[in-house]
Amino acid sequence: MSTRIAELCESLLTCLLHVLLPARGRHRAAPPQLTYRERRLQRRRRRELWLAVQGIDIGPRCIHGVELRV
């Protein structure tokens, strides 16, 4: 009888432990979906960064929220 109670307590504590403590590794929720405009701006920033890494300077188009003429 005491063995059965110990097994029950162990299973309850294990379930509680899994619920309260996070799992190991990278378990993240899916990132929020970006709008078309946000995706386009992100793609443009990534392209500009890639070109800068390749040694091609196209210069910033927007500095502190102010659009610049190219």
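If you're wondering where the values come from, they're calculated on a predicted model, not measured in any experiment. (Residues numbered from 1 in each chain as written. Predicted model: local features only at pLDDT ≥ 70, side-chain atom pairs only at ≥ 80, totals over all residues. Heavy atoms only, no water.)

S.K.: Which residues make up the overall build of the protein chain, and what values do they have?
M.R.: From N to C terminus, the protein chain includes 2 helices and 2 strands. For the protein chain, the N- to C-terminal ordering of α and β elements is α-α-β-β. Carbon and sulfur atoms provide 60% of the accessible area of the protein chain, an area that totals close to 7300 Å². (Helix = DSSP H or I, 4+ residues; strand = E, 2+ residues; numbered from the N terminus. Areas by Shrake-Rupley, 256 points an atom, 1.4 Å probe, with all protein chains shown as cover.)

S.K.: Hey, could you go over helix α1 (residues 2-20) for me, with residue numbers and the actual values?
M.R.: Taking 1.5 Å per residue, 19 residues should reach 27 Å; α1 reaches 27 Å between its end C-alpha atoms and fits that length. Burial analysis of α1 places just 0 of its 19 residues in the buried class, which makes it a mostly uncovered element. (Expected span 1.5 Å × (residues − 1). Buried < 20%, exposed > 50% of the residue type's maximum accessible area, 1.4 Å probe, protein only.)

S.K.: So what's going on with helix α2 (residues 36-53)? Residues and values would help.
M.R.: A rise of 1.5 Å per residue sets the reference length of α2, with its 18 residues, at 26 Å; its end C-alpha atoms lie 26 Å apart and thus fit the reference within 8%. Downstream of α2 by a residue or two, Gly55 has a phi angle that is positive, lying close to 95°.

S.K.: Give a detailed account of the pattern of salt bridges, specifying residues and quantitative values.
M.R.: Summed over the entire model, instances satisfying the criterion amount to 2 salt bridges. As a salt-bridge pair, Glu48 and Arg44 come within 3.9 Å of each other at their nearest N and O atoms. A residue pair is termed a helical-turn pair when its members lie 3 or 4 positions apart in one helix, as Glu48 and Arg44 do in helix α2 at 4 residues. (Salt bridge = Lys/Arg side-chain N within 4 Å of Asp/Glu carboxyl O.)

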